[in-house]
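Fold and geometry: a report
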Amino acid sequence: MRDALLQVSNLTAELGGDERPVRVCDGVGFAIRRGETMALLGESGCGKSMTALALMRLLPLGGRIVSGSVQLAGRELLTLTEREMRTVRGGGMGMIFQEPQTSLNPVLRVGDQIAEAVRLHGRLPRRRVTERVVELLRAVGIPDPARRASEYPHQLSGGMKQRVMIAMALAGDPQLLIADEPTTALDVTIQAQVLQLLKGLQRETGMAVLLITHDLGVVAETADRLAVMYAGQIVEQASVDAFFAQPAHPYSRKLLESVPSAGKRRGELAVIPGRVPPLDQAFEGCRFADRCPFVMETCRSGRIEWYQPNTEQWVRCLLWADPRSRFLPDEPGASPAAVGSDQVSEDARTDADALLVIEGLKVHFPIQKGLFRRTVGHVKAVDGVDLHIKPGQTLALVGESGCGKTTVGKGILQLEPPTGGQVRYTGVDLTRIAARQMRPYRKDLQIIFQDPFASMNPRMLVGDIVGEGMQSLGIERGRVPRRRRVAELLEQVGIGAQAMDRYPHEFSGGQRQRICIARALAVEPKVIVCDEPTSALDVSVQAQILNLLKRLQQELGLSYLFITHDISVVSYLAQEVAVMYLGRVVEQGTAAEVLDDPRHPYTKALLSAVPSMDKAGRREIIRLEGDMPSPSAPPVGCHFHPRCPEALPECRQAYPASVPITETHRAHCIRVDDQR
Amino acid sequence: MPVILITDALIFLLIAVGIVFGLYAARHEHLRGPWRQVGRSPVAVAALVVMLFYVGIGVLDSLHFHPRIEPLAEVGSPAATVNEADAVTGPDGKTTPDEQGTDASGSQRSAEQAQEITQAKDTISAAEPGASAPTYSTQIISVLDLLLSGLRERQEKTFSAPFATHLFVKEAIEQPDGSVVRAYPRLEHGGAHLEDPSQRSFDLLFRGLFGAIKGLMVWTAIMAGLIALLGWRRRQSFNDTATALWRGETAVPWRVVLITLAIMLVLSFTAAELGAKYHILGTDKVGEDVFYQSLKSIRTGLVIGTLTTLVMLPAAILLGIMAGYLGGRTDDVIQYLYTTLNSIPGVLLIAAAILMLQVYMTNNADQFESLVERADLRLLFLCIILGVTSWTGLCRLLRGESLKLREVDYVQAARALGVRHSTVIARHILPNVLHIVMITVVLDFSGLVLAEAVLSYVNIGVDPTMNSWGNMINSARLELARDPIVWWSLAAAFLFMFTLVLAANLLADVVRDAFDPRLRSAS
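Residues numbered from 1 in each chain as written. Chains lettered and ligands numbered in written order. Predicted model: local features only at pLDDT ≥ 70, side-chain atom pairs only at ≥ 80, totals over all residues.

**Concerning the overall build of chain B**
Tallying secondary structure elements over chain B gives 19 helices and 7 strands in all. Out of the 523 residues in chain B, the part that is buried amounts to 37%. A separation of at least 24 residues holds for 73% of the contacts in chain B among residues at least 6 apart in sequence. (Helix = DSSP H or I, 4+ residues; strand = E, 2+ residues; numbered from the N terminus. Buried ≥ 20, exposed ≤ 12 C-beta atoms within 10 Å, placed from the backbone. Contact = placed C-beta atoms within 7 Å.)

Here is the structure:
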């Protein structure tokens, strides 16, 4: 491309020792035009971030660029001295990182940190520096920028911090902004704000953006072109429209198919068998060959060249070697067969009695101060939540971080003692009984956690981890039958019995999550609280776990309380949905009712902020102002009214009562009736 | 007749605990891995070899017994000891400590030696009627004493420099012709075999070389045995194993082990050979061999360094984990306990406890069979009180870590599975804080050895009759003020303590690196 701002060709970088170097990016080449957004897409471990760091020449210790060239506006970067390179960083290319929490120095004022960046890239008089800082903060949409500049990072919310990071990156007027997973750590509504901000800035300044992400929705909404990375190589490059219309590489196609959505409810999600190969080996042929459903003899040897299925798409796949091929063939032997009769069972169960009834559940954490630990207030993490979980069904609890959804899960299991309300399981109120009497009910209520790395004791063998519950609850006391049962469970979750005598660290994230599921299943529970079980996993692994959960539900008749912030998972898995905001449920109903016809303004905003791959189905993003208030001092009246675009003066008076919309659909909003 | 002192029993317990832990660690990869890493570090194995020598001497010194009094020697030998002791204590045997002026510990020591002599006399008189039955002395000595009996018994009159043949102070010597001259008299033992003292350097060289050769021969034998064993385990020929070993191709740096071993063996054998005829580190004020004192001090140092940890560990682990895991009132109580304890100056607490014990022991002298037992009790008490003042640091660390672990998902999952609190602590919390315990124990060791020296220096450490580096330094205080200066007591104590503490610190560094999860994830 002639008018390319950034031209990368054949970039190869390595990490680690000479004996077994890890080739984090291998022959990577792409170009970005001025004012364009290019997305680098791929699962974790594919070398996306390392490619970005190689462009900046900021590879970690021991990393080196072996060959290739990186040209920014015609200037070769790889031959520059370190001193010259410093002016390029920030001046030519800015970078923002995934974790805004750790990217800011906590002991310096925000303004000073931005001023430092400003001073590095231009000799401004001191007074002008302060002005420029305020200007930058205003440009990234921070209200009252002059005051915010004198605050410390801990006084800002996550979204604000990411804005500050963007402001710092903008300080040098970069021609290219590299954004490494800029919104992964943020909530959807905040993510929408940040993505919008990036787009707006791009329009104003005409800078190019290299967006690194694993989220297909984000790519579809923000990028112009994309490159798919797999195992250190770019396997497909295309314009976004062409890609989502027809992904050319089998990996891209699988990736797209594994994203859950309402349309895929009836069947299983597509999964990619195996995992990304480690990068410390010499590859021969196509790197995806071992996991590819279309693999051919010729895939395994030689170098795979680029082919061009159409004018806007390039792909590194031999399926396109024949210029006549226009479509990726259907997968051999795979058919989107419905798993069970989902719909029938759903209908049959709708009027069944609830298995677990939660009424007015409250979990308050006291704020203690002073020498004698006087309680001066409460953090009302959960403040009156009503839920009904029916046998064999999935209730999804949706909300942004900090709204108290995890605490609801722990409150139900009595892991956090509830302050008030009832948790009735088969008629027994679990909040009233002593810890010892709780033990028989432990068997029926289980939990799966978010982080598969923290949820298993690293010092224990997998067999002991899975068998722990059986031992402690006296389900299988003998060692031999217990081991046999553990082996069965491990087979059931698709790990295999041979895993029993290994340690958790030998397994990948997805495999660990399966082991955690086996541990929960070991005591034959009726209800499992799934606390964001897939949010730490890649999309293809997430598909495997979701398939497993769904299969187990059908086989064993389990009920799930599925806590998540991911709307696409909800639409795929859940029969009922409850939306939480600031410790309370604001809207509740069947999945179809809530997701297709949201009535509460918060639900509407939340749903509109979810990035969608489907252009036609995209809603106008309802932009929410500000951040969620602190649960220690919730706003008077409706908790949502300070941010609500539809708020009325009455909203300030009292918390709105539950308004029924249909038999199953309810919302806490006084304006529900207006819209009918 | 073997005697097991309280500290001996605890040392054996500690060794047993160590062996049990070793077996446990061998079966658990998360413990075996880091230790294997320690074993592969050249610095660590060198330090380990040095420490093994120390531990070996310490263990030999912990096997105590009453020596049997031979019926034949009954009349001669103890009497000789008495005479000798009399000669040492001399006229001030029964005098009040005040006469000794500032040198309080010296006076105490001579007073106590006098007491022991009286006891010995009693024994002899008691033993005489039943001479047919085997009789045992009330004196308690260790296996090390037996091995070093030459060093122990060859006492001079007073100071003599290392390798000296003459005393360090002038004395009035009566010449054969009846005239009296003030001169340096020949030593009774040091270099006594030399007819002409001017041959000393040749003799030293010869004996030193002879010792070194003996050491090298023993070393060669050990090396051959090691290579044969390794070769047998790796199913390789002897030559291949030897080449691999000397090229440093083995996983465990055996080459470093062997080099360190060679140095230590050559040093030991040379010292043994020379020590048989000379006082290689000189003699102290009462003529006792300083080399012998230094070797005897090893046990004291090791006991302080290890038993203190043993005493404090249960309290620190139990209270720390309980405070962190259970939280609430338990946490408050334990936190107040250690905060209070921590705000009392440690030295003050130790001084108070030791002085109280001293008063008790003086008032109830009849409860103790011998001086050794008294000194041993005081040593144990010092360990306990040092433990009481030093457990708070570890307790605080463990509380913080347990506080973090309590919220970790796998602990939550265990609680959701109805696992009891005690089981959660034993199965989930304890194994995950063990690395902190390990690091603290190893790091504390050298600190405690040094603490003993400081405490003994200010006279609230171990019993003055007990050999310890602190006591050696304490007595060297005045010797340094003499002119010409007597430097060897201090130098010897310094050399032995320095070697041990340096080895311990080097080992501690490697252990910490191996067990610290942050460093492990970085590599």
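**Considering the UniProt feature "domain: ABC transporter" (unreviewed entry) in chain A**
Taking the UniProt record as the reference, the feature "domain: ABC transporter" (unreviewed entry) is found at residues 6–256 and 367–607 of chain A. In the segment residues 6–256 of chain A, helix accounts for 41% and strand for 26%; the C-alpha atoms at its two ends are 28 Å apart. (UniProt positions renumbered as here; feature names shortened; annotations may be inferred.)

**Observations regarding the sheet that holds strand β20 (residues 559–564) of chain A**
All names here are of chain A. Spatially, the 8 strands line up as an open sheet ordered β18-β19-β20-β15-β21-β22-β24-β23, and their pairing is mixed. Each of the sheet's edge strands pairs with one partner strand only, and the pair in question is β18 (445–448) and β23 (659–660). Relative to strand β24 (residues 666–667), strand β22 (residues 584–590) runs antiparallel, the two sharing 2 bridges. Considered in β24, the bridge of Q588 is made with R666. (Pairing = 2+ DSSP bridges.)

**Considering the domain arrangement of chain B**
Along its sequence, chain B is organised into domain 1 (197–275) and domain 2 (297–522). Averaged C-alpha coordinates put domain 1 of chain B and domain 2 of chain B at centres separated by 36 Å. (Domains from an automatic or database assignment.)

**Let's talk about the environment of A:C403**
Residue and element names in this part refer to chain A. When you line up the elements, C403 lands in the loop between β15 (394–398) and α13 (405–412). Sequence separation between C403 and V585 is 182 residues; the distance between their C-alpha atoms is 9.6 Å. When neighbours within four sequence positions are excluded, C403 is seen to be in contact with M580, Y581, L582, G583 and M628.

**Brief notes about the packing of helix α14 (residues 371–406) of chain B against helix α16 (residues 421–457) of chain B**
Residue and element names in this part refer to chain B. Look at α14 against α16: their axes get within 10 Å of each other, and the N-to-C directions meet at 155°. When the interaxial angle is binned, α14 and α16 end up roughly antiparallel. At the point where α14 passes α16, the crossing takes the right-handed sense. From α14, L386, S390, L394, L397, L398, E401, S402 and L405 reach across to α16, where they touch I429, N432, V433, I436, V437, T440, D444, L448 and A451. Broken down by class, the residue content of the contact of α14 with α16 amounts to 11 nonpolar, 4 polar and 2 charged. (Axes fitted to C-alpha atoms, helices over the stretch in contact; angles between N-to-C directions. Parallel < 35°, antiparallel > 145°, perpendicular 65-115°, else oblique. Left-handed = near helix turned anticlockwise from the far one by under 90°. Nonpolar A, V, L, I, M, F, W, Y, C, P; charged D, E, K, R; others polar.)

**Regarding α13(A)**
Side chains three or four residues apart in an α-helix point the same way, a direct result of the helix having 3.6 residues per turn. All names here are of chain A. Judged by how many residues are buried, α13 sits mostly within the fold: 8 of 8 residues are covered. Residues K405, T406, T407, V408, G409, K410, G411 and I412 constitute the buried set of α13. Of the residues flanking the end of α13, it is Q414, one or two places downstream, whose phi is positive at about 60°.

**Things to note about the interface of chain A and chain B**
Listed per partner, the contact involves 21 residues of chain A and 18 residues of chain B. Secondary structure elements with two or more residues in the side of chain A that touches chain B: α14 (435–442), β18 and α15 (462–472) of chain A. The dominant element in the side of chain A that touches chain B, judged by the number of residues it contributes, is α15(A), at 3 residues. Tallied by class, residues from the side of chain A that touches chain B come to 10 nonpolar, 5 polar and 6 charged.

**Structural notes on the pairing of strand β3 (residues 37–41) of chain A**
Residues and elements named next belong to chain A. Where burial is concerned, most of β3 is hidden: 5 out of the 5 residues are buried. Neither face of β3 is exposed, since T37, A39 and L41 on one face and M38 and L40 on the opposite face are all buried. When β3 meets strand β8 (residues 208–213), the two strands line up parallel, connected through 5 bridges. Opposite A39, over in β8, you have L211 as the bridge partner.

**A short note on the domain arrangement of chain A**
All names here are of chain A. Per the domain assignment, the segments of chain A are domain 1 (4–82 + 214–320) and domain 2 (342–444 + 525–675). Computed from C-alpha coordinates alone, the two centres of domain 1 and domain 2 are separated by 37 Å. Each side of the interface is counted separately: domain 1 has 25 residues, and domain 2 has 17 residues. Of all the secondary structure elements, the ones that give two or more residues to the side of domain 1 that touches domain 2 are α9 (216–222) and α11 (250–257). In terms of residues, the side of domain 1 that touches domain 2 owes the most to one element, α9, which gives 5 residues.

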